[in-house]
Amino acid sequence: MTYNPRKIRLLMALRGAGVTDTRVLAAIERIPRELFVPEAFQDRAWEDTALPIDLGQTISQPLVVGLMTQALELLPRHLVLEVGTGSGYQAAVLSRLCRRVFTIERLKPLLREAEGRFRTLDIGNITTRLGDGTRGWPEQAPFARILVTAAGGPEPPKDLTDQLAIGGVLVIPLGTDHRDQRVVRFRRSEAGLIREDLWPVRFVPLLSDPPQSVCSA
């Protein structure tokens, strides 16, 4: 692997900020973030900051990607649902840590660009869907892990919690005000959902949109 001092500094900063899972750090190291960042921001690809992409969306800050991925407590056998493909960066990181990622995006141009990046990186365990992520992916449920990369309201969408397997984990930003969002982890037991508030964050809102189609990357 080519030595990249900016990448090394970022990985050290992530570890210092709480991303201590070596598998998560290795996945972030292996995924070339510059491939997911617009040309105008290439010189900032390995900075620990969110960056704008098309259609008013962003690629998340690497620290947020690392912490949310770590919060999922992924195992290699897991099937993971991601709501909000965006640039595809988070899905690519997840793909290095689990059996398969099912990712949903409501904006077609973003999804097509992400699919192209998955092909470029020869990632074969990501399946994509164009559609309303709040409805989940019932044909593939239940999921061991669900990650939502846009902010919901005060509670997670019921369709998503219904598709979470017993023993499963859902990580989602929640909050009715963008100034008061928190990443929340839900664990599903036989008795119901157990909620754990983690840390403050700021995400674009989780929106609904009906069209759906499926393909594999």
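Residues numbered from 1 in each chain as written. Predicted model: local features only at pLDDT ≥ 70, side-chain atom pairs only at ≥ 80, totals over all residues. Heavy atoms only, no water.

K.L.:
Any chance you could explain the pattern of salt bridges here in plain terms?
P.N.:
Close approach of charged atoms lets side chains of opposite charge pair. Tallied over the full model, the rule gives eleven salt bridges. One salt bridge connects R44 with E47, and the closest N-O pair in it is separated by 3.0 Å. Assessed through its relative accessible area of 34%, E47 is described here as partly exposed. For R135, the salt bridge identified is with D132, shortest N-O distance 3.3 Å. (Salt bridge = Lys/Arg side-chain N within 4 Å of Asp/Glu carboxyl O. Buried < 20%, exposed > 50% of the residue type's maximum accessible area, 1.4 Å probe, protein only.)

K.L.:
Mind showing me how you'd approach the UniProt feature "active site" (unreviewed entry) in the chain here?
P.N.:
Per the UniProt entry, the sites bearing "active site" (unreviewed entry) are S60 in this numbering. If you trace the backbone, S60 turns up in the loop between β2 (58-59) and α3 (62-72). Contacts of S60, omitting those with residues within four sequence positions, involve R33, T49, A50, V65 and F203. (UniProt positions renumbered as here; feature names shortened; annotations may be inferred. Helix = DSSP H or I, 4+ residues; strand = E, 2+ residues; numbered from the N terminus. Contact = heavy atoms within 4.5 Å.)

K.L.:
What's the story with the nonpolar core in this structure? I'm lost.
P.N.:
Side chains of nonpolar character tend, in soluble globular proteins, to be buried together. Within the largest apolar cluster, 47 residues are counted, with the highest numbers of intra-cluster contacts made by M68, Y89, F118 and V171. Contributions of two or more residues to this core are made by α1 (5-16), α2 (22-30), α3, α4 (89-95), α5 (108-120), β7 (164-174) and β9 (192-201). Residue contributions to this core peak at seven residues, all from α3. Discounting residues that sit within four places of it in the chain, M68 has contacts with L147, V148, V171, P173, V183, W199 and F203. (Core = buried A, V, L, I, M, F, W, Y, C linked by side-chain atoms within 4.5 Å.)

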